[in-house]
Amino acid sequence: MTDRIELRGLTARGRHGWFAHERENGQLFRVDVALSVDTRAAAESDDLTDTVDYGSLAERVVGLVSGEPVRLVETLAQRIADLCLDDSRVEAAEVTVHKPEAPVTVPFDDVTVTIRRART
């Protein structure tokens with residue numbers, strides 16, 4: 001049984017997309033991350049070093065979103081999941097990337113890609 005640490009609505013401007021205008025002009029992205037983590041050691045010690053520092057993780061996720069562009073949201077989601085799994089305490093990561101300004105020709109609220117990756 002694992003616990004969850006979630007970050008919802010991390011927001012940054014990125015230049016990800018298939019089309020040249022997306023990569024040139026950029027657009028807003030939002031990211032939700034859910035981590036499977038055993039938090040018992042942190043609860044017992046009451047020490048940040050015994051858990052995932054979600055503040056630091058949030059900054060690194062936003063850095064990926066605002067950093068080097070990729071063509072597919074799926075690629076961005078994978079990079080974020082890999083970043084989360086760099087911490088050995090994270091057993092699995094679920095990442096949702098929202099692209100609310102996606103170039104869709106009909107009315108819509110949001111486009112999302114959700115992936116789940118676990119430590120192998």
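See the structure printed just above.
Description of the structure in this document. Note that the structure is predicted; figures quoted are calculated from it, not measured.

### Some remarks on the packing of aromatic side chains
Where two aromatic rings form a pair, the distance of their centres and the angle of their planes describe that pair.
Here comes step 1: Per the stated rule, a full pass over the model turns up 0 aromatic pairs.
Here comes step 2: The aromatic ring of W18 is capped on one face by R71, whose charged end is 5.2 Å from the ring centroid.

### Some thoughts on a nonpolar patch on the surface
Here comes step 1: On the surface, W18, F19 and L72 cluster together into a nonpolar patch covering about 330 Å² of accessible area.
Here comes step 2: Inspection of the secondary structure assignment puts F19 in the loop between strand 1 (3-14) and helix 1 (20-25).
Here comes step 3: By relative accessible area, F19 is classed as partly exposed at 40%.

### Regarding the nonpolar core
Here comes step 1: One finds V31, L35, L57, I80, V95 and V97 to be the most contacted residues of the largest nonpolar core, which totals 29 residues.
Here comes step 2: Taken together, the elements giving at least two residues each to this core come down to strand 1, strand 2 (27-37), helix 3 (54-66), helix 4 (73-85), strand 3 (90-98) and strand 4 (112-118).
Here comes step 3: The contacts of L57, once residues within four sequence positions are left out, are L7, L35, V52, L83 and C84.

### Quick word on the sheet that holds strand 3
Here comes step 1: An order of 1-2-3-4 is seen for the 4 strands of this open sheet, with the pairing classed as antiparallel. Each end of this open sheet is capped by a strand with a single partner; those strands are strand 1 and strand 4. Within the sheet, the average angular offset between the axes of one strand and its neighbour, ignoring direction, is 15 degrees.
Here comes step 2: Relative to strand 4, strand 3 is paired through 7 bridges, and the arrangement is antiparallel. The residue bridging A93 from the neighbouring strand is R117, located in strand 4.
Here comes step 3: Those strands touched by helix 3 are strand 1 and strand 2, and its axis lies near 35 degrees from that of strand 1.
Here comes step 4: Strands strand 2, strand 3 and strand 4 of the sheet are contacted by helix 4, whose axis makes an angle of about 150 degrees with strand 3.

### Details of the packing of helix 3 against helix 4
Here comes step 1: With their axes 10 Å apart at the nearest point, helix 3 and helix 4 run at an angle of 155 degrees to one another. Relative to helix 4, the element helix 3 is oriented roughly antiparallel. Between helix 3 and helix 4 the crossing geometry is right-handed. On helix 4, the residues that touch L57, R60, V61, L64 and V65 of helix 3 are L76, R79, I80, L83 and C84.
Here comes step 2: Counted by class, the contact of helix 3 with helix 4 contains 8 nonpolar, no polar and 2 charged residues.

### Examining the environment of L64
Here comes step 1: Turning to its location among the elements, L64 is positioned in helix 3.
Here comes step 2: Expressed as a C-alpha distance, the spacing of L64 and E101, which sit 37 residues apart in the sequence, is 18 Å.

### Some words on the pattern of salt bridges
Here comes step 1: Summed over the entire model, instances satisfying the criterion amount to 6 salt bridges.
Here comes step 2: Residue R30 pairs with D110 through a salt bridge whose shortest N-O separation is 3.5 Å. Here D110 lies in the loop between strand 3 and strand 4 and R30 lies in strand 2, a separation of 80 residues in the sequence.
Here comes step 3: By relative accessible area, which is 27% here, D110 ends up partly exposed.
Here comes step 4: In this structure, the salt-bridge partner of D38 is R40, at a minimum N-O distance of 2.5 Å.
Here comes step 5: Among the residues examined, D38 registers a relative accessible area of 29% and is labelled partly exposed.
Here comes step 6: For R40, a relative accessible area of 58% gives the class exposed.
Here comes step 7: Three or more residues are tied together by salt bridges with common partners; here these are R4, E6 and R8.

Conventions used here
Residues numbered from 1 in each chain as written. Predicted model: local features only at pLDDT ≥ 70, side-chain atom pairs only at ≥ 80, totals over all residues. Heavy atoms only, no water. Phe/Tyr/Trp six-rings, centres within 6.5 Å; stacked < 30°, edge-to-face > 60°. Lys NZ or Arg CZ within 6 Å of the ring centre and 35° of its normal. Patch = residues over 30% accessible without salt bridge, like charges linked within 9 Å, V, L, I, M, F, W, Y side chains within 5 Å. Areas by Shrake-Rupley, 256 points an atom, 1.4 Å probe, with all protein chains shown as cover. Salt bridge = Lys/Arg side-chain N within 4 Å of Asp/Glu carboxyl O. Helix = DSSP H or I, 4+ residues; strand = E, 2+ residues; numbered from the N terminus. Buried < 20%, exposed > 50% of the residue type's maximum accessible area, 1.4 Å probe, protein only. Core = buried A, V, L, I, M, F, W, Y, C linked by side-chain atoms within 4.5 Å. Contact = heavy atoms within 4.5 Å. Pairing = 2+ DSSP bridges. Axes fitted to C-alpha atoms, helices over the stretch in contact; angles between N-to-C directions. Parallel < 35°, antiparallel > 145°, perpendicular 65-115°, else oblique. Left-handed = near helix turned anticlockwise from the far one by under 90°. Nonpolar A, V, L, I, M, F, W, Y, C, P; charged D, E, K, R; others polar.

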